[in-house]
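Architecture and fold: a report
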Amino acid sequence: MTVVEQLAEFAVAQRRKPLAADVRHAAVRAIVDWASATVPGATTPAARGLTEALAPSPGSGPARLIPSGHTADVRTAALLNGTAAHAAELDDIYRDAFYHPGAPTIAAAFAVADLVDASGEDFLRAVTIGYEIGARIALAVGPAHYRNWHTTGTVGTFGAAAAAAELLRLGPDRFAGALALAATMAAGLQQTFRSPSTGKPLHAGHAAEAGVVAVLAAEKGLAGALDVLEGPAGFGVATAGVTDLAVTGLGDPFCVTATTVKYHACCGHTFAAIDAALELRADGVRAEGFEDIAAIEIETYATATRVAGRTDPGDAGEARFSLAYTVAAALVLGSVRLRAFEPGALRNPAIRDLMARTRTRVAPELDALAPGRRAARVCVTDRQGASRERLRLTRKGDPDDPLSDAELRDKYEELVPAFIGRRRAGAIAGALWNLAALPRMSALDWG
């Protein structure tokens, strides 16, 4: 049995079992969090530009765009919603695999759920399966894949395909075929976010669209190469040099129960340092004392310095991938949410002055903890030579320091009503938190 056949057999077998309560609740949380990221993300230049470029005509298909509620064909809705979900850098993370599962997986699931008018319970199952298959493949290709490839764009295609295949109730053969087709359409290069670019959110959107296309094609009989993951010229070898790709641990536990919920609106590799800076601020490193700061040193793991090492970001997109900027913003503003990337914050002289005094380096002992732990140490030294430091061995929102349901609700309430109004946001939140009881996804009113 090939890897895609193994994954398909697992997914189809789960249909005979009810979702465990903790798994169902984790899937609900993931969907609420996805909405928290997608609604503000839809207003970003990247998401708006793509929507304008494709110009879907209202009523042109069964799938809804979020948050407008306008309809489009299934693949366009997956593409646009997936792009929006990743655009504000607020979407969830599967920490151990350098992977954002929610943006592509849930975007694809929403589009296909509208097509078949699935029940809320079926939708939750599809999201669970999509998270599981995507995350397990991401683990199988390992850190080597993330050296050059953006896992959200590549592996996200599998997560999207798995969720869509589950909603269409594909049998094992065509489910496996859909995953095989998804593999050959997977894409997303890290250079897109290592250089000035606004293309990174398109990775998640493309993954959602490609996963949906793979499933629709497989449903009609198109056949993929079943050994496409582990074959000698397959996904594992081509993208990670893995010659013996194998997937293990399926459902033990379900990966949707172990995701990271973002607490800050930027690259996750900056989070531990931001958390440390916020603790220093709470302990008295306040705005009125910034002129006395002589130096800030950030120690963290190597991937964080490689991906988020910008020292002089020129725009919001670059600032989200700058340890120096996000730590300075945390100290000055007290949070690193959307306002930290508005023009006024980007030009704030206090933030810029602190950045000029910031140095970042790899700490071998912290690098050794990654990817299972994402750690950082921030040390602030004043002009008298006194130093204060904080060490964060994990990030707020990680599985070992999770956001509570109340904190997740607060995140939604901070982000969503500002864009669609409090009454509408409240009605949507009520439906999302009670998805298991929703008889038809069409009853979820985005408009």
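Preceding block: the structure.
Since this is a predicted model, take the numbers as computed values, not measurements.

Secondary structure assignment for the protein yields 21 helices and 6 strands. Residue burial in the protein is summarised as follows: out of 447 residues, 59% are buried. Pairs at least 24 residues apart make up 77% of the contacts formed inside the protein by residues separated by at least 6 positions. Accessible surface for the protein amounts to roughly 16,200 Å². Of this, 52% is attributable to carbon and sulfur atoms. Across the protein, the centroid of the 45 positively charged side chains sits 2 Å from that of the 49 negatively charged ones.

To continue, consider the side chain of threonine 157. Considering the arrangement of structural elements, one finds threonine 157 in helix 7 (residues 151–167). A polar contact of 3.1 Å, which involves the side chain of threonine 157, links it to the backbone oxygen of glycine 153. With residues near it in sequence (within four places) discarded, threonine 157 still touches Thr152, Ala182, Ala186, Ala207, Ala210 and Gly211.

Attention now moves to the sheet that holds strand 6 (residues 387–392). If you trace the 4 strands from one edge of the open sheet to the other, you get 4-3-5-6, paired in mixed fashion. The open sheet has two free edges, formed respectively by strand 4 (358–362) and strand 6, since each of these has just one partner strand. On average, adjacent strands in this sheet sit at an angle of 15 degrees to one another, irrespective of strand direction. Pairing of strand 3 (residues 293–300) with strand 5 (residues 376–382), which is carried by 7 bridges, proceeds in the antiparallel orientation. Bridge pairing links threonine 300 to alanine 376 in strand 5. Contacting strand 3, strand 4 and strand 5, helix 15 (residues 323–333) runs over the sheet at an angle of about 125 degrees to strand 3. Contacts from helix 17 (residues 349–356) reach strand 3 and strand 4, with the element oriented near 50 degrees to strand 4.

Moving on to the packing of helix 7 against helix 8 (residues 172–185). With their axes 9 Å apart at the nearest point, helix 7 and helix 8 run at an angle of 155 degrees to one another. The pairing of helix 7 with helix 8 is recorded here as roughly antiparallel in orientation. As helix 7 packs across helix 8, the resulting crossing turns out to be right-handed. In this structure, helix 7 uses Thr157, Phe158, Ala161, Ala162, Ala165 and Glu166 to contact helix 8, whose residues at the interface are Phe175, Ala178, Leu179, Ala182 and Ala183.

What follows deals with the nonpolar core. Counting residues in hydrophobic clusters, the biggest one holds 110 residues, and the most contacted among them are Phe110, Phe123, Phe175 and Leu229. Per-element tally for this core: the top contributor is helix 6 (residues 120–145), with 13 residues. Beyond its immediate stretch of four places on either side in the chain, phenylalanine 110 contacts Ile31, Trp34, Ile66, Phe123, Met441, Leu444 and Trp446. Ranked by size, the runner-up nonpolar core spans 43 residues in total, among them Ala273, Ala277, Ile296 and Ala328.

Let us look at the packing of aromatic side chains. For any pair of aromatic rings, the description consists of the separation of the ring centres together with the inter-plane angle of the planes. Under the definition given, this model contains 8 aromatic pairs. Here a set of aromatic residues connected by ring pairs shows up, and it is made of Trp34, Phe110, Phe123 and Trp446. Note that arginine 337 overlies the ring of tyrosine 263, its terminal NZ or CZ placed 4.8 Å from the centroid. Against the face of tyrosine 263 rests lysine 396, its NZ or CZ located 5.1 Å from the ring centre.

This paragraph deals with the layout of surface pockets. Approximately 600 Å³ is the volume found for the largest pocket. Around the largest pocket, the lining is made up of 29 residues, and of these Thr44, Ala87, Ala316, Gly317 and Arg320 lie nearest the centre. Residue assignment for the lining of the largest pocket shows that the elements contributing at least two residues are helix 3 (45–54), helix 9 (191–194), helix 10 (200–219) and helix 14 (316–319). Across the lining of the largest pocket, the residue classes tally to 14 nonpolar, 7 polar and 8 charged.

One pass over the full model with this rule turns up 1 cavity of 30 Å³ or more. Roughly 150 Å³ of internal volume is contained in the largest cavity. Counted by class, the lining of the largest cavity contains 8 nonpolar, 5 polar and 5 charged residues.

Here we take up a nonpolar patch on the surface. On the surface, a nonpolar cluster with roughly 220 Å² of combined accessible area is contributed by Leu369, Leu391 and Leu393. Mapped onto the elements of the fold, leucine 391 is located in strand 6.

Relative to the assigned elements, threonine 105 resides in helix 5 (residues 102–116). Here threonine 105 falls in the buried class, since its relative accessible area comes to 0%. Along the chain, threonine 105 and alanine 208 lie 103 residues apart, while their C-alpha atoms are 6.3 Å from each other. If sequence neighbours within four positions are ignored, threonine 105 has contacts with Tyr99, Val127, Gly130, Tyr131, Gly159, Ala160 and Ala163. Of the polar contacts made by the side chain of threonine 105, one reaches the backbone oxygen of proline 101; its length is 2.8 Å.

Procedures and definitions
Residues numbered from 1 in each chain as written. Predicted model: local features only at pLDDT ≥ 70, side-chain atom pairs only at ≥ 80, totals over all residues. Heavy atoms only, no water. Helix = DSSP H or I, 4+ residues; strand = E, 2+ residues; numbered from the N terminus. Buried < 20%, exposed > 50% of the residue type's maximum accessible area, 1.4 Å probe, protein only. Contact = heavy atoms within 4.5 Å. Areas by Shrake-Rupley, 256 points an atom, 1.4 Å probe, with all protein chains shown as cover. Lys, Arg positive; Asp, Glu negative; His and termini not counted. Charge placed at Lys NZ, Arg CZ, Asp CG, Glu CD. Polar contact = N/O pair within 3.5 Å; in protein donor to acceptor, adjacent residues only side chain to side chain. Pairing = 2+ DSSP bridges. Axes fitted to C-alpha atoms, helices over the stretch in contact; angles between N-to-C directions. Parallel < 35°, antiparallel > 145°, perpendicular 65-115°, else oblique. Left-handed = near helix turned anticlockwise from the far one by under 90°. Core = buried A, V, L, I, M, F, W, Y, C linked by side-chain atoms within 4.5 Å. Phe/Tyr/Trp six-rings, centres within 6.5 Å; stacked < 30°, edge-to-face > 60°. Lys NZ or Arg CZ within 6 Å of the ring centre and 35° of its normal. 1 Å grid on protein atoms, 1.4 Å probe; cavity = no way out; pocket = protein on both sides within 12 Å on 5 of 7 lines; lining within 4 Å. Points joined across faces, edges and corners; volume = space filled by probe spheres on them. Nonpolar A, V, L, I, M, F, W, Y, C, P; charged D, E, K, R; others polar. Patch = residues over 30% accessible without salt bridge, like charges linked within 9 Å, V, L, I, M, F, W, Y side chains within 5 Å. Salt bridge = Lys/Arg side-chain N within 4 Å of Asp/Glu carboxyl O.

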